[in-house]
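Each chain, written out:
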Amino acid sequence: MISLSDTFLKHFENLEDPRFKNNHNKRHSLTDILVLTILAVICGAESWIDVEEFGESKKEWLKTFLDLPNDIPSHDTLGDVFARLSPMVLQESFLAWIRSLVEISEGEIVAIDGKTLRHSYDTAKSRKAIHMISAWACNNQLILGQLKTSEKSNEITAIPELLKMLDVKGCTITIDAMGTQKEIAELIIQEQADYVLALKGNQGIAHMVVEDYFQKALKKNFFGIACDYYEEINKDHGRIEIRRYWTISDLHWLYDRKLWTGLKSVGMVQSTRIIGNEETNETRFFLISFENDAKRFGQAVRSHWQVESLHWCLDVGFNEDDCRVRLGNAAENFSIIRRIALNLLKKETSRKIGIQAKRKKSGWSNQYLLKVLSSESMTKK
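Overview of the structure. (Residues numbered from 1 in each chain as written. Predicted model: local features only at pLDDT ≥ 70, side-chain atom pairs only at ≥ 80, totals over all residues. Heavy atoms only, no water.)

## A look at the layout of surface pockets
Consideration 1: There is about 360 Å³ of room inside the largest pocket.
Consideration 2: Every residue lining the largest pocket is counted, 13 residues in all, and those nearest its centre are Glu241, Arg243, Arg273, Arg284 and Trp305.
Consideration 3: For the lining of the largest pocket, the secondary structure elements donating two or more residues are β7 (239–248), β8 (265–275) and β9 (278–288).
Consideration 4: In terms of residue count, β9 provides more of the lining of the largest pocket than any other element does, four residues in total.
Consideration 5: Taken together, the residues of the lining of the largest pocket sort by class into two nonpolar, five polar and six charged. (1 Å grid on protein atoms, 1.4 Å probe; cavity = no way out; pocket = protein on both sides within 12 Å on 5 of 7 lines; lining within 4 Å. Points joined across faces, edges and corners; volume = space filled by probe spheres on them. Helix = DSSP H or I, 4+ residues; strand = E, 2+ residues; numbered from the N terminus. Nonpolar A, V, L, I, M, F, W, Y, C, P; charged D, E, K, R; others polar.)

As C-alpha cells, this is what we get:
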C-alpha cells in the first residue's frame, strides 16, 4: 500500500487482533481498521461515526490500497475493536515507528508533561478521566511517546515508566515541579541524560533555601558568587518579553545537594512581560545536572513550554478535550491515534500552514493526504 507499508505498517504487524482468533465471521481486517482510522483522524475525524463517514465518502479511493472485502466497517465495529485493543501493544508499535523515523541526537531537549482527557470519564462505571503523560522532542517537533495514568497525582510513578520506554541518552529532560523527585533525577542520570527540574513549593525547604540564596545574591549583584548569566528579549505584536537566566554551580550552601543524583547547578529565571502599560513579573527556580551554563539552561526552560503548545494543538487542532470516546481501552487508543496523526502532520512541511488547515487540506485532497503519509516527509535528523 502506497509508501505507508514500508514506513509504518511493519511496525504495527505485532498488534494482536482482539477479536476471537478462530472467528471466521470477522468481516474486516485489523490492518484496514487501523489505517482507515488514522487517515480519518488526519482528515478531522473525532468519533467512530466520523471515521465511518470518512470511509464512506472515500470508499472508492480507499479500495485502491485497502482490502475492504465488506466495504467500510461500521462505527460500532470500530468502537468495539479499539475498546478491546491492547493500548500497551499499540504504544510499543508507535514507539518502534518513531525510532525508525527519528534519530534523537545528543543535545535534544525532551519535555515531559501531562494532560487530562477531560471527557474520557465514565460516570456510569465510576471511572475518572484518564491523564496522559507525553514526551515531546523539542528540536525534532515530535511526540516520542506517552503513558496513561489514572489521575494527575500519579505522574510521579508514570514518568519513570515513560523514561524507561525511551532512549534519551545525551538528551536534556525538562519536567515541571510535579516530577521534581529524587528518584526521577537518579533515573535520568542512569539513562545517561541531563535534567532541568522545576523547583516549587512541593520541595518545601529546598525551594525556600534556593530562593533565599538567589534573592540575597541579587541584592549584592552576585558579588563574590561564581555565576553565569544569559538574557533574551523578544518583541512581537506590541508585546515585550524579557527573560534573565542565572546559574550557580557552587552548592556548598544547599543542605541536601548530595541527595539529588547528578546535581551540579541551580538556576533562576526572571520573566518580565510588558503589554501596553501593563507589566507582569515571574521568578522560577530549577535544579540542573550540568555545570554553569545559563544559555543552555535558558534554552531548556524556554523549550519546555513547547509541550504546552502540544497540548494546545491537541485541544484546538484535534478538539481532544471534547472527545467522548471512552468505552474500554478506546479513549487511550484514540489518543495514540491522534498523536500518530499529529506527528505525520507536523513533519509534512511543504505547506506553511497550521494543523487545522493541514487536516482540512488532507480531507479535501487525496494527493496532499498521500504527501502527509509519505515516508519522504519523515526523514531522520
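## Remarks on unusual backbone geometry
Consideration 1: Even without glycine at this site, Leu68 takes up a positive phi of about 45°.
Consideration 2: With respect to the helices and strands, the residue Leu68 is situated in the loop between α4 (59–62) and α5 (75–84).
Consideration 3: Even without being a glycine, Asp71 presents a positive backbone phi close to 65°.
Consideration 4: The topology assignment puts Asp71 in the loop between α4 and α5.

## Let's talk about the side chain of Ser362
Consideration 1: Mapped onto the elements of the fold, Ser362 is located in helix α13 (residues 355–364).
Consideration 2: We classify Ser362 as buried; its relative accessible area is 0%.
Consideration 3: Leaving out residues up to four positions away in the same chain, Ser362 has contacts with Ile42, Cys43, Lys58, Leu345, Tyr368, Leu369 and Val372. (Buried < 20%, exposed > 50% of the residue type's maximum accessible area, 1.4 Å probe, protein only. Contact = heavy atoms within 4.5 Å.)

## Structural notes on the environment of Lys169
Consideration 1: Along the chain, Lys169 turns up in the loop between α7 (155–165) and β4 (172–175).
Consideration 2: When neighbours within four sequence positions are excluded, Lys169 is seen to be in contact with Glu191 and Gln192.

## Some thoughts on helix α3 (residues 48–57)
Consideration 1: Where α3 is concerned, the buried positions are Trp48, Val51, Glu52, Phe54 and Gly55. Around the axis of α3, the buried residues are gathered within 160° of arc, so they sit on the same side. (Arc of directions from axis to C-beta.)

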